[in-house]
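# Breakdown of the fold
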Amino acid sequence: MKIYDRIAIALGAMLLVLASVPAARASFSYGSPAPYIVGAGGTTVTWLGGSFPYPNTTYGGGPNQGQQIVPTYTKIYVIGPSPSSTVVSSNLIAGSPGASTGNSVTCGTTSGTTYAQAGTYTVQVYNELTNATWNGSGYVWQWTDGTLVESTTFTVQPSATPPTVTVSPSSASIYATQSQTFNASVSGSPTPTLQWQFSSDKGSTWTNLSGATGSSYTVSNAASSDTGLYQCVATNSAGSASASGTLNVYATKAQRVTLSTTTTNVTVGTTVTFTAQGSFTSYTFSGGPSGFPTSNSGNNKIVFTDTFTSPGAWTIYGHAPASLPEYAASTNDIPVTVTATPTTFGISPTLFPYNGSSQGPT
C-alpha cells in the first residue's frame, strides 16, 4: 500500500472529513404565546428543521472503522440576555443526515421552570461534530459545535408590579405671580405612565392637566384660582396609584400710608414730630422742604422729627414700596400739610398819658 493511501485512511479515522448540502431556512415555534414574563413559567422553543450543512464523520477505530456515523446530531441552545449571556438551556438531538425536525428546548432558568432575567434571549441551532473513538471495548462519544445553522430571538419582560407614587411637597403656600413645582417619585414595572390632575373642590372632581405627563408639574405665575390639589396618577398593566400635594395661592397684600403730625402751623425754626404708619415694607417721603428725609427703613409705625428752617407750605406724602409677591406698593396714601411762617422781630411801642397839648410828654 502506498504511503498516501495510508495517510488517507488515517485521516478518515480522525473523523475530520466534512461534507455539506445546501442550507435551507427553517423556522421556530413556541409552546406558549408571548408575552414572556420574569418569574413566569418557561416556554418550549421548537426548531422545525430543514436542510442544513452537516459534518460527514466516520468512526475512529474499532469494528466500524471508516464507516459514516449515523445519525447526525444538532444542538439547540437558549442563551440569556447580556451582559451575562449564559446558556440557560440546551438539547442535543439525533436526526437523519442533513435534516432534523422537532428539535426543541425548554426556555427559562437552568431548571426550565421560570425566567430569571428580563431581556432578549437568543435561540441557536448548531450541527455537531461527532467524535466516536474506540477504547478497546466500545466507542467513546464526544460532540463539539460545528456550523451555526439558524438562530432566532424572543423577549422576556420584567415581572409586572403595581405602581407606587409619592408627591412632594405635600403642601405649599405661595403668593400670586409666584411659581411652585410638584415632583412625583414613581416605581412599578412595567414603567408606569403618568398624568397630573387638578382639583379645586378638595378632590371631589379631577381635571387632567394638558400635556402634564412627566415626573414633575409646575404652576407658573400663579393666581388665586390655582389654589387646590395637584395629583399624579401612575398606571401600568398591574394597576394604578395616585398621590397629591396641596397648593394655597394668596393674593398680594395692599398697603396704605398715613402721615400725620401734632401741629401743622409752625414758625420757622420749629422742630416738628411726624408719625408714619401703614407700611409693611419701608417708607419713602416726597413733597417736604429741603433736607426733609426721603426714606426710612422702618415699617409699621415709625416716629421721626424734622426742623423747618425756611417759611412755606408743604404737602408731604409717605409711601410704601412694593415687596412682591407678598406686598403691593401703597395706594391712596394720606398726606399732611405743614405751614411754616417767619418769626416777627421789632420794637414794642411805649404808651404815655395824654396831657392835652400837642407836644410830647412832659
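Residues numbered from 1 in each chain as written. Predicted model: local features only at pLDDT ≥ 70, side-chain atom pairs only at ≥ 80, totals over all residues. Heavy atoms only, no water.

A separate point is the overall build of the protein. When its secondary structure is counted, the protein shows one helix and 26 strands. Counting only residues that meet the buried cut, the protein has 32% of its 362 residues in that class. Long-range contacts, defined here as pairs at least 24 residues apart, represent 63% of the contacts in the protein between residues at least 6 apart. Looking at the protein as shown, the accessible area adds up to about 19700 Å², and 53% of this sits on carbon and sulfur atoms. (Helix = DSSP H or I, 4+ residues; strand = E, 2+ residues; numbered from the N terminus. Buried < 20%, exposed > 50% of the residue type's maximum accessible area, 1.4 Å probe, protein only. Contact = heavy atoms within 4.5 Å. Areas by Shrake-Rupley, 256 points an atom, 1.4 Å probe, with all protein chains shown as cover.)

Once that is clear, we can look at the sheet that holds strand S14 (residues 193–199). With mixed pairing, the five strands of this open sheet are ordered in space as S12-S18-S17-S14-S15. Strands with a single pairing partner mark the edges of an open sheet, and in this sheet they are strand S12 (171–175) and strand S15 (207–208). Sheet topology places S14 next to S15; two bridges connect them, and they run antiparallel. By the bridge assignment, glutamine 197 is partnered in S15 with asparagine 208. (Pairing = 2+ DSSP bridges.)

Judged by nonpolar contacts, the single largest core of 19 residues is most densely connected at Val167, Trp196, Tyr230, Cys232 and Leu247. Listing elements by their share of this core, those giving two or more residues are strand S11 (161–168), S12, strand S13 (180–189), S14, strand S17 (228–236) and strand S18 (239–250). If we ignore the near neighbours within four places in the chain, the residues touching leucine 247 are Ala172, Ile174, Gln180, Phe182, Val219, Asp226, Thr227, Gly228 and Tyr230. Among the nonpolar cores identified, the runner-up in size contains 18 residues, and Val257, Val272, Phe274 and Phe304 belong to it. (Core = buried A, V, L, I, M, F, W, Y, C linked by side-chain atoms within 4.5 Å.)

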